[in-house]
Amino acid sequence: MYEIDQPLLLRITEVGALLGISRSAVYREIEAGRLKAIVINKRSKRVPREELSRYVESRVAESISK
């Protein structure tokens, strides 16, 4: 199911690196509601690895339907 060496929650910078976008672009996606994040504390958010997969699939589906 999950690899031990892969975290379940990703930092914003990790999400940006995986998607090939900037930190600010990741935050824009979160604010727009397209990408869901978990609030850890006032200064920290994490994106569940499964959410990242869902996000990519939804963006692909949106691109295909246009």
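Let me begin by describing the structure that accompanies this report. Nothing here was measured: the structure is a model prediction, and the numbers come from that model.

**Comments concerning helix α3 (residues 49–65)**
Residues lying three or four places apart along an α-helix face the same way, a consequence of the helix completing one turn every 3.6 residues.
Here comes step 1: Relative to the 24 Å expected for 17 residues at 1.5 Å per residue, α3 spans 25 Å between its end C-alpha atoms, a close match to the ideal helical length.
Here comes step 2: Among all positions in α3, only Glu51, Leu52 and Tyr55 are buried. In a view along the axis of α3, the buried residues occupy a sector of 100°, so they form one face of it. Turned more than 90 degrees off the buried face of α3, the exposed positions are Glu50, Glu57, Ile64 and Ser65.
Here comes step 3: For α3, the secondary structure elements touched by its buried residues are β1 (9–11), α1 (12–19), α2 (23–31) and β3 (44–48).

**Regarding the nonpolar core**
Here comes step 1: Core analysis: the largest hydrophobic core is formed by 9 residues, namely Leu10, Ile12, Val15, Val26, Ile30, Leu35, Val47, Leu52 and Tyr55.
Here comes step 2: Those elements that provide at least two residues to this core are α1, α2 and α3.
Here comes step 3: Contact partners of Leu35, with chain neighbours within four places excluded, come to Val15, Val26, Glu29, Ile30, Val47, Glu51, Arg54 and Tyr55.

**A closer look at the pattern of salt bridges**
Here comes step 1: Summed over all chains, the structure comprises 5 salt bridges.
Here comes step 2: Lys45 is paired through a salt bridge with Glu31; the nearest N and O atoms lie 3.6 Å apart. Of the two residues, Lys45 is situated in strand β3 and Glu31 in helix α2; the sequence distance between them amounts to 14 residues.
Here comes step 3: Exposure remark for Lys45: the relative accessible area of 23% places this residue in the partly exposed category.
Here comes step 4: Given a relative accessible area of 62%, Glu31 falls into the exposed group.
Here comes step 5: Here Arg54 makes a salt bridge to Glu51, at a shortest N to O gap of 2.6 Å. Taken together, the residues span about one helical turn, with Arg54 and Glu51 both in helix α3 at a distance of 3 residues.
Here comes step 6: Exposure remark for Arg54: the relative accessible area of 33% places this residue in the partly exposed category.

Cut-off values and rules
Residues numbered from 1 in each chain as written. Predicted model: local features only at pLDDT ≥ 70, side-chain atom pairs only at ≥ 80, totals over all residues. Heavy atoms only, no water. Helix = DSSP H or I, 4+ residues; strand = E, 2+ residues; numbered from the N terminus. Expected span 1.5 Å × (residues − 1). Buried < 20%, exposed > 50% of the residue type's maximum accessible area, 1.4 Å probe, protein only. Arc of directions from axis to C-beta. Contact = heavy atoms within 4.5 Å. Core = buried A, V, L, I, M, F, W, Y, C linked by side-chain atoms within 4.5 Å. Salt bridge = Lys/Arg side-chain N within 4 Å of Asp/Glu carboxyl O.

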